[in-house]
Amino acid sequence: MKLVILDRDGVINHDSPSFVKNPAEWVALPGSLEAIARLSQAGWRVVIASNQSGLARGLFNMETLNAIHAKMRTELAQLGGHVDSIFICPHGPDDNCQCRKPKPGMYLDIARRYDVSLKNVPAVGDSLRDLQAAAEAGCTPWLVLTGNGLKTRDSGELPPGTQVADDLARIVDRWLEA
Ligand SMILES: [Mg+2]
Ligand SMILES: [Zn+2]
């Protein structure tokens, strides 16, 4: 099984310092949904792992988050793409959970759910904590330069073996031609 783990904000959709709080604020990045559709059609399983501390902060509730994801899935389906499952951390920075990235908990849950080793599973993110969680879980970290990506690249703290590409579309180009 070809599995890929994606961060959401800054990878699939525009991120916002004031959080993506409702479906109207969820806006796909250019080419990202098309890229996921190409993966789906090539037989990849696409899974999202996303910190959503806006839940803990009371900025939106689970019903609204489900509506945001329904919008994403609808737009994706129109392009022939599919997200297999969405793992979220609903906690805040001070909750000390095991799922909020940079902790690897969501990735380990994904490995258990799909009964796979994460070795050689690519995990795409735009923030350092995505890459750190990915590396800690044993995935191959991929950095996109959308969202926080430029800042992350320039931090100089990328985990060893991190691959870098302009955006999700460029990454998928590389995977599908490999
Ligand atoms: Mg992000
Ligand atoms: Zn959590």
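Described in the following lines is the structure provided in the data block.

Thresholds applied
- Residues numbered from 1 in each chain as written.
- Chains lettered and ligands numbered in written order.
- Predicted model: local features only at pLDDT ≥ 70, side-chain atom pairs only at ≥ 80, totals over all residues.
- Heavy atoms only, no water.
- Donors = N, O, S within 2.8 Å, 3.2 Å for Na, K, Ca; no water.
- Tetrahedral: all angles 85-135°; square planar, octahedral: opposite > 155°, others 65-115°.
- Salt bridge = Lys/Arg side-chain N within 4 Å of Asp/Glu carboxyl O.
- Buried < 20%, exposed > 50% of the residue type's maximum accessible area, 1.4 Å probe, protein only.
- Helix = DSSP H or I, 4+ residues; strand = E, 2+ residues; numbered from the N terminus.
- Contact = heavy atoms within 4.5 Å.

1. Observations concerning the coordination of the zinc ion (ligand 2)
Note on metal geometry: ideal angles are 109.5 degrees for four donors arranged tetrahedrally and 90 or 180 degrees for six donors arranged octahedrally. All of the protein donors around the zinc ion (ligand 2) are C89 (SG), H91 (ND1), C97 (SG) and C99 (SG); their distances to the metal are 2.0 to 2.3 Å. Coordination geometry of the zinc ion (ligand 2): the four donor atoms subtend angles of 99 to 118° at the metal centre, consistent with an arrangement described as tetrahedral.

2. As for the pattern of salt bridges
Evaluation of the coordinates by the stated rule reveals ten salt bridges. Residue D9 pairs with R8 through a salt bridge whose shortest N-O separation is 2.8 Å. Taken as a pair, D9 and R8 share a single burial class, namely buried. A salt bridge links D167 to R170; the shortest N-O distance between them is 3.7 Å. For D167, a relative accessible area of 16% translates into the label buried. By relative accessible area, R170 is classed as partly exposed at 38%. Among the charged side chains, a network of salt bridges with common partners joins R38, D167, R170 and D173.

3. Here's the deal with the coordination of the magnesium ion (ligand 1)
Within the protein, the magnesium ion (ligand 1) binds to D7 (OD), D9 (O) and D126 (OD); these donor distances fall in the range 2.1 Å. Taking the relative accessible area as the measure of exposure, D7 reaches 7% and is therefore buried. For D126, a relative accessible area of 1% corresponds to the buried category.

4. Some thoughts on the side chain of N51
Tracing the backbone through its elements, the reader meets N51 in strand β2 (residues 44–51). A relative accessible area of 11% places N51 in the buried class. With sequence-adjacent residues up to four places away left out, N51 is seen in contact with C89, C99, R100, K101, M106 and R129.

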